[in-house]
Amino acid sequence: MAKAIHSMIRVLDEARSLEFYRRAFGLEVAALLDFPDFTLVYLSNDESGFELELTVNKDRTEPYDLGDGYGHLAVSVGDLAAEHARFEAEGLNPRKLVEFAPAGEVVAKFFFVADPDGYQIEVLQRAGRFQ
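Scope of this entry: the structure provided in the associated data block. (Residues numbered from 1 in each chain as written. Predicted model: local features only at pLDDT ≥ 70, side-chain atom pairs only at ≥ 80, totals over all residues. Heavy atoms only, no water.)

Using the criterion set out here, one finds eight aromatic pairs in the structure. Arranged with centres 4.9 Å apart and planes meeting at 90°, the rings of Phe20 and Tyr21 form a pair that is edge-to-face. Given the relative accessible area of 6%, Phe20 is considered buried. Residue classification places Tyr21 among the buried positions, given a relative accessible area of 1%. A centroid spacing of 6.2 Å and a plane angle of 75° characterise the contact between Phe20 and Phe25, whose relative ring orientation is edge-to-face. (Phe/Tyr/Trp six-rings, centres within 6.5 Å; stacked < 30°, edge-to-face > 60°. Buried < 20%, exposed > 50% of the residue type's maximum accessible area, 1.4 Å probe, protein only.)

Right, here's the structure in full:
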(Lines give C-alpha, C1' and ligand atoms only; values in the text may rest on other atoms or scores of the structure.)
Protein backbone atom coordinates (compact mmCIF):
# COMPACT_ATOMS: atom_id res chain seq x y z
CA MET A 1 0.00 0.00 0.00
CA ALA A 2 1.09 3.55 -0.66
CA LYS A 3 1.84 5.87 2.25
CA ALA A 4 1.33 9.63 1.92
CA ILE A 5 4.58 11.32 2.98
CA HIS A 6 4.42 14.96 1.86
CA SER A 7 2.65 17.63 -0.14
CA MET A 8 4.54 20.36 -2.00
CA ILE A 9 3.65 24.01 -2.49
CA ARG A 10 5.66 26.77 -4.15
CA VAL A 11 6.32 29.82 -2.00
CA LEU A 12 7.76 33.21 -2.84
CA ASP A 13 9.45 34.20 0.43
CA GLU A 14 11.11 31.36 2.35
CA ALA A 15 11.53 33.24 5.64
CA ARG A 16 7.97 34.56 5.65
CA SER A 17 6.57 31.07 4.95
CA LEU A 18 8.75 29.41 7.59
CA GLU A 19 7.59 31.93 10.19
CA PHE A 20 3.92 31.42 9.28
CA TYR A 21 4.03 27.60 9.42
CA ARG A 22 6.01 27.67 12.67
CA ARG A 23 3.63 30.09 14.36
CA ALA A 24 0.44 28.58 12.95
CA PHE A 25 1.12 24.85 13.14
CA GLY A 26 4.36 24.31 15.04
CA LEU A 27 6.07 23.05 11.87
CA GLU A 28 9.85 23.15 11.97
CA VAL A 29 12.47 22.45 9.31
CA ALA A 30 13.05 18.69 9.11
CA ALA A 31 15.34 18.91 6.08
CA LEU A 32 16.61 21.55 3.69
CA LEU A 33 18.01 20.75 0.26
CA ASP A 34 19.63 23.76 -1.37
CA PHE A 35 20.35 23.75 -5.12
CA PRO A 36 21.60 26.52 -7.43
CA ASP A 37 18.13 27.39 -8.78
CA PHE A 38 15.79 26.31 -5.99
CA THR A 39 15.54 25.20 -2.38
CA LEU A 40 13.37 22.43 -0.96
CA VAL A 41 12.37 22.86 2.67
CA TYR A 42 10.61 19.98 4.43
CA LEU A 43 8.51 20.94 7.45
CA SER A 44 7.08 18.65 10.10
CA ASN A 45 6.15 18.33 13.76
CA ASP A 46 5.80 15.51 16.26
CA GLU A 47 2.07 15.05 15.57
CA SER A 48 2.56 13.26 12.24
CA GLY A 49 5.16 11.81 9.92
CA PHE A 50 3.57 13.76 7.05
CA GLU A 51 5.66 16.69 5.79
CA LEU A 52 4.94 19.91 3.96
CA GLU A 53 7.52 20.59 1.26
CA LEU A 54 8.10 24.25 0.43
CA THR A 55 9.72 24.84 -2.95
CA VAL A 56 11.48 28.18 -3.25
CA ASN A 57 12.47 29.03 -6.84
CA LYS A 58 15.32 31.49 -6.40
CA ASP A 59 14.67 33.53 -9.56
CA ARG A 60 10.96 34.02 -8.79
CA THR A 61 9.91 37.58 -7.97
CA GLU A 62 6.16 37.52 -8.68
CA PRO A 63 3.53 35.77 -6.54
CA TYR A 64 2.31 32.44 -7.85
CA ASP A 65 -1.06 32.20 -9.58
CA LEU A 66 -2.84 29.49 -7.57
CA GLY A 67 -5.40 29.02 -10.33
CA ASP A 68 -8.80 27.52 -9.76
CA GLY A 69 -7.74 23.92 -9.22
CA TYR A 70 -6.12 24.19 -5.80
CA GLY A 71 -8.37 23.39 -2.85
CA HIS A 72 -6.69 23.32 0.54
CA LEU A 73 -4.44 21.51 2.99
CA ALA A 74 -6.06 20.26 6.20
CA VAL A 75 -4.79 19.77 9.74
CA SER A 76 -6.62 18.57 12.84
CA VAL A 77 -6.31 20.00 16.35
CA GLY A 78 -7.50 18.91 19.78
CA ASP A 79 -9.17 22.21 20.77
CA LEU A 80 -10.46 24.15 17.79
CA ALA A 81 -11.76 27.14 19.75
CA ALA A 82 -8.44 27.55 21.59
CA GLU A 83 -6.50 27.33 18.31
CA HIS A 84 -8.80 29.88 16.68
CA ALA A 85 -8.21 32.25 19.60
CA ARG A 86 -4.45 31.63 19.40
CA PHE A 87 -4.44 32.35 15.64
CA GLU A 88 -6.29 35.62 16.30
CA ALA A 89 -3.82 36.57 19.05
CA GLU A 90 -0.90 35.77 16.69
CA GLY A 91 -2.39 38.04 14.01
CA LEU A 92 -2.77 35.13 11.58
CA ASN A 93 -6.26 36.25 10.49
CA PRO A 94 -8.26 33.04 10.78
CA ARG A 95 -11.70 33.05 9.19
CA LYS A 96 -14.78 32.37 11.30
CA LEU A 97 -15.44 29.10 13.12
CA VAL A 98 -17.87 26.90 11.17
CA GLU A 99 -20.03 23.97 12.16
CA PHE A 100 -20.62 22.03 8.95
CA ALA A 101 -24.03 20.34 9.24
CA PRO A 102 -25.52 20.01 5.76
CA ALA A 103 -28.24 17.52 6.82
CA GLY A 104 -28.71 18.86 10.35
CA GLU A 105 -26.02 16.71 11.99
CA VAL A 106 -22.60 18.25 12.61
CA VAL A 107 -20.07 16.53 10.34
CA ALA A 108 -17.13 18.80 11.11
CA LYS A 109 -16.09 21.94 12.97
CA PHE A 110 -13.38 24.04 11.35
CA PHE A 111 -11.94 27.35 10.29
CA PHE A 112 -9.74 28.35 7.38
CA VAL A 113 -6.58 30.44 7.32
CA ALA A 114 -4.48 31.59 4.36
CA ASP A 115 -0.69 31.34 4.34
CA PRO A 116 1.46 34.24 3.04
CA ASP A 117 1.15 32.96 -0.55
CA GLY A 118 -2.63 32.57 -0.39
CA TYR A 119 -2.76 28.80 0.11
CA GLN A 120 -5.84 27.89 2.11
CA ILE A 121 -5.47 25.66 5.17
CA GLU A 122 -8.45 24.07 6.90
CA VAL A 123 -8.05 23.62 10.65
CA LEU A 124 -10.47 20.91 11.86
CA GLN A 125 -11.56 19.83 15.30
CA ARG A 126 -10.02 16.39 15.87
CA ALA A 127 -13.09 14.11 15.88
CA GLY A 128 -14.72 11.36 13.86
CA ARG A 129 -12.88 10.80 10.60
CA PHE A 130 -10.74 13.91 11.13
CA GLN A 131 -8.10 12.51 13.44
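Now that the structure is up, let's keep going.
Moving on, we come to the pairing of strand S4 (residues 48-57). The sheet contact formed by strand S1 (residues 6-10) and S4 spans five bridges and is parallel. The partner of His6 across the bridge, within S4, is Glu51. Pairing of strand S3 (residues 38-45) with S4, which is carried by seven bridges, proceeds in the antiparallel orientation. Each residue of the ladder has a partner; that of Leu40, found in S4, is Thr55. The hairpin turn running from S3 into S4, its antiparallel successor, is two residues long. (Pairing = 2+ DSSP bridges. Helix = DSSP H or I, 4+ residues; strand = E, 2+ residues; numbered from the N terminus.)

Here the focus is helix H1 (residues 14-25). An ideal rise of 1.5 Å per residue puts 16 Å on twelve residues; H1 measures up with 16 Å between its terminal C-alpha atoms. Looking at H1, one finds that the buried residues are Ser17, Phe20, Tyr21, Ala24 and Phe25. Down the axis of H1, the sector holding all buried residues measures 90°, keeping them to one side. The opening residue of H1 is Asp13, an N-cap whose side-chain oxygen sits 3.2 Å from the backbone nitrogen of Ala15. Positive backbone phi, approximately 65°, marks Gly26, located one or two places after H1. (Expected span 1.5 Å × (residues − 1). Arc of directions from axis to C-beta. Polar contact = N/O pair within 3.5 Å; in protein donor to acceptor, adjacent residues only side chain to side chain.)

When glycine is set aside, most residues are seen to have a negative phi, and most peptide bonds are trans. Of note in this structure, Asn93 is not a glycine but carries a positive phi near 55°. Following the sequence through the fold, Asn93 ends up in the loop between helix H2 (80-89) and strand S6 (98-100).

Once that is clear, we can look at the pairing of strand S8 (residues 120-125). Taking burial as the measure, the six residues of S8 include five buried ones, the bulk of the element. Two strands pair when backbone bridges link them, and strand S5 (residues 73-77) and S8 are joined in this way by five bridges, in the parallel orientation. From the neighbouring strand, Val77 faces S8, where its bridge partner is Gln125. Where strand S7 (residues 108-114) meets S8, five bridges bridge the pair, whose relative direction is antiparallel. By the bridge assignment, Phe112 is partnered in S8 with Glu122. Between S7 and the antiparallel strand that follows it, S8, lie five residues; Gly118 among them carries a positive phi value of about 95°.

Moving on to the sheet that holds S7. Spatially, S5-S8-S7-S6 is the arrangement adopted by the four strands of the open sheet, whose pairing is mixed. The open sheet terminates on both sides in strands that have one partner only, identified here as S5 and S6. Between one strand axis and the next, the sheet turns through 35° on average, direction left out of account. H2 rests against S5, S7 and S8 of the sheet, and its axis sits at about 15° to S7. (Axes fitted to C-alpha atoms, helices over the stretch in contact; angles between N-to-C directions. Contact = heavy atoms within 4.5 Å.)

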